[in-house]
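Residue-level listing of the chains:
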Amino acid sequence: MLFSQLCAVCKGPGPSPCQRCVADMRAVGEMAPLEPLSGLWAAFAYAGAGRELLARLKYRNQRSSVRWLASAMAKALPPSQGFEAVTWAPTSPKRRRQRGFDQAELLARALGRETGVPVIGLLKRVDAAVQTGRNRSQRFRAPEFTTRRGPPTAVLVVDDVITTGATLQSAAKSLIRAGAERVDAVVAGATPLPYTPSSARPPSGVVTMRTHNSTPAEREPPWT
Ligand SMILES: [Zn+2]
């Protein structure tokens, strides 16, 4: 059988990601909530094939997996949450210029198509360079956002990866300040628990955050 598409992870013929690579991913689902988010969900652990898939989307602009990622995020969400808008935590303008796209926006738009919830660009990132009065480590810790317009009551924020959760917390704070009553978040990949063996499934419904450490790739801040 001939495939016009290659798996973004293993380069084998077939859909992207292929069944073998999907089988290598660990599903996550509901995560421990992070203030002020009302709920937080992740499709899979940011490890192994899941990490590779997102890295290829982010750094090599391999968009063949976007639809699959959106569908995986939609499946991770509980049914009928009543979201009035899907939005995303924008990457920095510099990164967007370098890559020519914002991976979080791509995922949010695909999730909107998947769920039928309107996608609205509600957040604007405040450039770290203009965040006066903050030292370098404070700026590194969490990006800041402002809102482009008044948000609806219930908003779902999308990002590609969650590591410490600082980006999504900051996005949620900004939306709540602007009038949203409930902000939830969904991500494609979540960094696994430091003590979870890579072969083990995390206990369902309970995944906590860890701070960035270990391998060089994981040391990168999640909001780049
Ligand atoms: Zn594959």
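Cut-offs used in this document
Going along each chain's sequence as written, the residues are numbered from 1 onward. Only residues with pLDDT of at least 70 get local features here, since the model is predicted, and only at 80 or more are side-chain atom pairs given and counted; chain-wide, interface and lining totals rely on the full set of residues. The way it works is that DSSP assigns letters per residue, a run of H or I at least four long becomes a helix, a run of E at least two long becomes a strand, and they are numbered from the N terminus. Exposed residues have 12 or fewer other C-beta atoms within 10 Å of their own C-beta, buried residues have 20 or more, and partly exposed residues fall in between, where C-beta atoms are placed from the backbone. Two residues form a contact once the distance between their C-beta atoms, set from the backbone, is within 7 Å. Geometry is summarised by axes, namely lines fitted to C-alpha atoms with helices restricted to the contacting stretch, and by angles between N-to-C directions that run from 0 to 180 degrees. Two helices that cross are described as forming a left-handed crossing if the nearer one is turned anticlockwise from the farther one by less than a right angle, and a right-handed crossing if clockwise. Think of it as three bins: nonpolar holds Ala, Val, Leu, Ile, Met, Phe, Trp, Tyr, Cys and Pro, charged holds Asp, Glu, Lys and Arg, and polar takes everything else, Gly as well. Note on pairing: two strands pair once DSSP finds at least 2 bridges between them. Any set of buried Ala, Val, Leu, Ile, Met, Phe, Trp, Tyr and Cys residues joined through C-beta atoms within 7 Å is what this text calls a nonpolar core. Scored from 0 to 100, pLDDT reflects the predictor's confidence in each residue. Here the arc refers to the set of directions running from the helix axis out to each C-beta atom.

### Concerning the overall build of the protein chain
Within the protein chain, the secondary structure is distributed over eight helices and seven strands. With 224 residues in all, the protein chain has 39% of them scored as buried. Counted over contacts in the protein chain with a minimum sequence separation of 6, partners at least 24 positions apart contribute 71%.

### Notes on the packing of helix H3 (residues 66-76) against helix H5 (residues 103-115)
Viewed as axis vectors pointing N to C, H3 and H5 meet at an angle of 65°, and their least axial separation amounts to 8 Å. Here H3 and H5 pass one another in a crossing that is right-handed. Every residue of H5 that contacts H3 at Val66, Arg67, Leu69, Ala70, Ser71, Met73 and Ala74 is listed here: Leu106, Leu107, Ala110, Leu111, Glu114 and Thr115. Taken together, the residues that form the contact of H3 with H5 break down as nine nonpolar, two polar and two charged.

### A look at the sheet that holds strand E6 (residues 154-162)
If you trace the five strands from one edge of the open sheet to the other, you get E1-E2-E7-E6-E3, paired in mixed fashion. One side of each edge strand has no neighbouring strand; the edge strands of this open sheet are strand E1 (27-30) and strand E3 (85-88). Geometrically, the sheet is characterised by an average inter-axis angle of 20° between neighbouring strands, direction not taken into account. The pairing of strand E2 (residues 39-45) with strand E7 (residues 182-190) spans six bridges and is parallel. Each bridged residue has a counterpart across the sheet, and for phenylalanine 44 the counterpart in E7 is glycine 189. Lying on the sheet, H3 is in contact with E1, E2 and E7; it crosses E2 at an angle near 130°. The strands touched by helix H7 (residues 166-177) are E6 and E7; relative to E6, the strand with the most contacts, the crossing angle is about 160°.

### Here we look at unusual backbone geometry
At the junction of serine 16 and proline 17, the peptide bond is cis and its omega measures out at -5° in the coordinates. With an omega of 0°, the peptide bond between glutamate 35 and proline 36 qualifies as cis. A positive phi angle, near 70°, is found at lysine 11, a position not held by glycine. Its location among the elements puts lysine 11 in the segment before helix H1 (19-23).

### Section: the nonpolar core
Counting residues in each nonpolar core, the largest one holds 58 residues, and the members touching the most others are Ala42, Met73, Leu107, Val157 and Val158. Contributions of two or more residues to this core are made by E2, helix H2 (48-60), H3, E3, H5, E6, H7 and E7. Leave out the neighbours within four places in its chain, and valine 157 touches Thr87, Trp88, Ala89, Leu168, Ala171, Ala172, Val183 and Ala185.

### Some thoughts on the confidence of the model for the protein chain
Mean pLDDT over the protein chain works out to 83, with 77% of the residues at or above the 70 mark. Overall, residues 194-224 carries pLDDT values under 50, and its contacts beyond four positions in sequence, including any with other chains, amount to 43 contacts.

### So, the environment of asparagine 61
Topologically, asparagine 61 is positioned in the loop between H2 and H3. In sequence terms asparagine 61 and arginine 99 are 38 residues apart; their C-alpha atoms lie 7.5 Å from each other. Once residues within four sequence positions are removed from consideration, asparagine 61 is found in contact with Arg99 and Phe101.

### Remarks on H3
Residues of H3 that are buried include every one of Leu69, Ala70, Ala72, Met73 and Ala76, and no others. Each buried residue of H3 lies within a common arc of 160° when the element is viewed along its axis, so the set occupies one face.

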